[in-house]
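Each chain, written out:
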Amino acid sequence: MEWYEAIILGLVQGLTEFLPVSSSGHLIIGKELLGIEAADDLVFEVLVHAATVLSTIVVFRRQLWGLVKGFFRFRYNEETDYVLKIGVSMIPVFIVGVFFKDFVEGLFQSLFVVGVALMCTAVLLFLSDMASGPRSRASLSERKNYRNGISYWQAFVVGLGQALAVVPGLSRSGTTISTGLLCGVRRDVMAQFSFLMVMIPILGESFLQLVGGEMSQSATGALPLVLGFFAAFISGLFACKVMIALVKKARLSWFALYCAIAAMLIFIFG
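Sequence order as written defines residue numbering, which begins from 1 separately in each chain. Reporting of local features is limited, given that this is a predicted model, to residues whose pLDDT is at least 70; pairs of side-chain atoms are given and counted only at 80 or more, and all residues count toward the totals for whole chains, interfaces and linings. For side-chain calculations, the full set of non-hydrogen atoms in the structure is used, while hydrogens and water are omitted.

J.: Any chance you could explain the overall build of the protein chain here in plain terms?
T.: Helix and strand counts for the protein chain stand at 15 helices and zero strands. Burial status follows relative accessibility: with a 1.4 Å probe on protein chains alone, a residue under 20% of its type maximum counts as buried, one over 50% as exposed, and anything between as partly exposed. A buried classification covers 51% of the 270 residues belonging to the protein chain. Residue contacts are counted whenever heavy atoms from the two residues lie within 4.5 Å of one another. Taking all contacts inside the protein chain whose residues are at least 6 apart in sequence as the whole, residues at least 24 apart take part in 81%. Put simply, the protein chain shows about 13,200 Å² of open surface, and 70% of that area lies on carbon and sulfur atoms. Every helix listed is a DSSP run of H or I at least four residues long, and every strand listed is a run of E at least two residues long, numbered separately from the N terminus. Every accessible area reported is derived by Shrake-Rupley at a probe size of 1.4 Å, with residue values counting cover from the shown protein chains alone.

As structure tokens, this is what we get:
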């Protein structure tokens, strides 16, 4: 991988991480367009995902600091409730990461899998848009008055969506937001919860790669890795600040249409 290719892929990752269009899927498409061979490891993908998580931490630093302070008051309050629900949401992806890691890594070699997953993302986004449209009644969370706008069972179901979204092309934000909306969580609540719940799994994967020595086994050189990381971080800062509002307010069916068109192009030309 050349240095300029790493920058392009880093920008793609950062700009697509916060939109429901699958950043991992776009990384694979970008590699195909640039003529880059799929590597046997996922070090580059893990690094650029970690970069966008770091941009999330920067943007949400006040909320995160509030959660940390509230949690370590060692009593059950709003912050403790929110942190525990994020913990519940991570159970499914933890199971997938421990028991199905090799299978998931194999999926990153297939462009056809990306096309199928993008089509699934389109269907999910379309259904959730219908369920949470302007004419729909008050959400289940509003009627039940769940603490922090989401219940433990809803957090777990959203976590199942995140576990499925390890498949490249199945958008993590799109899947988790759509799953939450279909379960009756408000869109603004799901937007923030979706972006915060992914931080620990991705940072944990990055840490395991580092301590396991897999970083030194990467087929990508050190310079492209560093440039890709910073490109993803900078573009992620922009995307996180500008596009979170878009995810909250825009009709998800437009993103569904984009994913469907991208999937069809893969099937035709892939």
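Resuming the write-up.
J.: Any chance you could explain a nonpolar patch on the surface here in plain terms?
T.: A contiguous nonpolar patch, built from Phe112, Val116, Trp254, Leu257, Ile261, Met264, Leu265, Phe267, Ile268 and Phe269 and spanning about 1,100 Å² of accessible area, is present on the exposed surface. The residue phenylalanine 112 is located in helix H8 (residues 111–131) in this model. With a relative accessible area of 56%, phenylalanine 112 lands in the exposed category. Within the patch definition used here, like charges are joined within 9 Å and nonpolar side chains (Val, Leu, Ile, Met, Phe, Trp, Tyr) within 5 Å, considering only residues with over 30% relative accessible area and no salt bridge. Between Lys or Arg on one side and Asp or Glu on the other, a salt bridge is scored when a side-chain nitrogen of the former is within 4 Å of a carboxyl oxygen of the latter.

J.: Before we go on, may I ask you to explain the pattern of salt bridges in this structure?
T.: Pairing between side chains of opposite charge can happen when their charged atoms approach one another. Enumeration over the complete set of coordinates arrives at five salt bridges. We note a salt bridge from aspartate 188 to arginine 186, for which the minimum N-O separation is 3.0 Å.

J.: So what exactly am I meant to see when it comes to helix H2 (residues 23–34) here?
T.: Every α-helical turn comprises 3.6 residues, leaving residues that sit three or four positions apart pointing alike. For a helix, the expected span equals 1.5 Å multiplied by the residue count minus one. Taking 1.5 Å per residue, twelve residues should reach 16 Å; H2 reaches 16 Å between its end C-alpha atoms and fits that length. Residues of H2 that are buried include every one of Ser23, Ser24, Gly25, His26, Leu27, Ile28, Ile29, Gly30 and Lys31, and no others. As for H2, its buried residues are in contact with helix H1 (3–16), helix H3 (43–59), H8 and helix H15 (252–269). Taking the backbone nitrogen of glycine 25 as reference, a side-chain oxygen 2.9 Å away marks serine 22 as the first, capping residue of H2. Phi turns positive, to about 75°, at glycine 35, one or two residues after H2. Whenever a nitrogen or oxygen atom comes within 3.5 Å of another N or O atom, the pair is scored as a polar contact, on the condition that within protein one atom can donate a hydrogen and the other can accept it, and that pairs from neighbouring residues in sequence are kept only if both atoms are in side chains.

J.: Whenever I open this one, the nonpolar core confuses me. Can you help?
T.: Soluble globular proteins tend to pack their nonpolar side chains together in the buried interior. Residue types Ala, Val, Leu, Ile, Met, Phe, Trp, Tyr and Cys, when buried and joined through side-chain atoms within 4.5 Å, form a set referred to as a nonpolar core. Ranked by size, the top nonpolar core spans 44 residues in total, and within it Phe60, Val114, Leu118, Ile150, Phe193, Leu196 and Phe255 carry the most contacts. For isoleucine 150, the contacting residues outside a window of four places in its chain are Lys85, Ser141, Ala155, Val185, Val189, Met190 and Phe193. With 13 residues, the next largest nonpolar core counts Ala6, Leu47, Ala232 and Phe233 among its residues.

J.: Whenever I open this one, the confidence of the model for the protein chain confuses me. Can you help?
T.: Any region with low pLDDT has predicted coordinates that should not be read closely. The predictor's confidence in any single residue is recorded as pLDDT, a number from 0 to 100. Taken as a whole, the protein chain shows an average pLDDT of 84; of its residues, 88% reach a score of 70 or greater. Across the protein chain, the secondary-structure element scoring lowest on mean pLDDT is helix H13 (residues 199–211), at 71, and the one scoring highest is helix H5 (residues 78–89), at 96.

J.: What's the story with unusual backbone geometry in this structure? I'm lost.
T.: Residues apart from glycine generally show negative phi values, whereas peptide bonds are mostly found in trans. You will see that phenylalanine 74, though not glycine, has its phi angle at about 55°, which is positive. With respect to the helices and strands, phenylalanine 74 occurs in the loop between helix H4 (61–71) and H5. Even without being glycine, asparagine 148 reaches a positive phi, approximately 60°. Within the secondary structure, asparagine 148 is located in the loop between helix H9 (140–144) and helix H10 (152–164).

J.: Hey, could you run me through the environment of leucine 34 in this one?
T.: Its location among the elements puts leucine 34 in helix H2. When the C-alpha atoms of leucine 34 and methionine 1 are compared, they prove to be 9.4 Å apart, with 33 residues separating the residues in sequence.

J.: Would you mind going over the packing of H2 against H3 with me for this structure?
T.: To describe two helices that pack against each other, one gives the angle between their axes and the distance between the axes. With axes taken as lines fitted to C-alpha atoms, and helix axes fitted only over the stretch in contact, angles between N-to-C directions fall between 0 and 180 degrees. Interaxial distance between H2 and H3 falls to 11 Å at its minimum, and their mutual angle equals 130°. Regarding the angle of H2 to H3, the classification is oblique. The handedness of the crossing between H2 and H3 comes out as right-handed. Residue-level inspection shows Ser23, Ser24, Leu27 and Lys31 of H2 in contact with H3, the latter providing Phe44, Glu45, Val48 and His49. The residue makeup of the contact of H2 with H3, split by class, is three nonpolar, three polar and two charged. Roughly parallel refers to an angle under 35 degrees, roughly antiparallel to one over 145, roughly perpendicular to one between 65 and 115, and oblique to any angle outside these ranges. The sense of a crossing depends on the near helix, which, turned anticlockwise from the far helix by less than a right angle, makes the crossing left-handed and, turned clockwise, makes it right-handed. Amino acids are sorted into nonpolar (Ala, Val, Leu, Ile, Met, Phe, Trp, Tyr, Cys and Pro), charged (Asp, Glu, Lys and Arg) and polar (every other residue, Gly among them).

J.: What is the right way to look at the packing of H5 against H10 in this model?
T.: Here H5 crosses H10 at 40°, and the two axes come no closer than 7 Å. Regarding the angle of H5 to H10, the classification is oblique. Crossing handedness for the pair H5 and H10: right-handed. Counted together, Asp81, Leu84, Lys85, Val88 and Ser89 of H5 and Tyr152, Ala155, Phe156, Gly159 and Gln162 of H10 form the full contact between these two elements. Of the residues assigned to the contact of H5 with H10, the class counts are five nonpolar, three polar and two charged.

J.: Can you walk me through H3 in this structure?
T.: Its 17 residues give H3 an end-to-end C-alpha distance of 24 Å, which sits within 8% of 24 Å, the value for a rise of 1.5 Å per residue. Counting buried positions over the 17 residues of H3 gives 13, a clear majority of the element.

J.: Just checking my understanding: could you explain the packing of aromatic side chains for this structure?
T.: Each Phe, Tyr or Trp ring (for Trp, its six-membered ring) is paired with any other whose centre lies within 6.5 Å, and the angle between the two planes then decides the class: stacked below 30 degrees, edge-to-face above 60, tilted in between. All chains considered together, the criterion is met by six aromatic pairs. The interplanar angle of 90° and the centroid separation of 5.9 Å between the aromatic rings of tryptophan 3 and tyrosine 4 together place this pair among those described as edge-to-face. Note on tyrosine 4: relative accessible area 40%, which makes it partly exposed. Between the aromatic rings of phenylalanine 229 and phenylalanine 230, the centroid separation amounts to 5.7 Å while the plane-to-plane angle is 85°, which identifies the pairing as edge-to-face. Put simply, the rings of Phe71, Phe72 and Phe74 touch in pairs and so form one group of aromatic residues.

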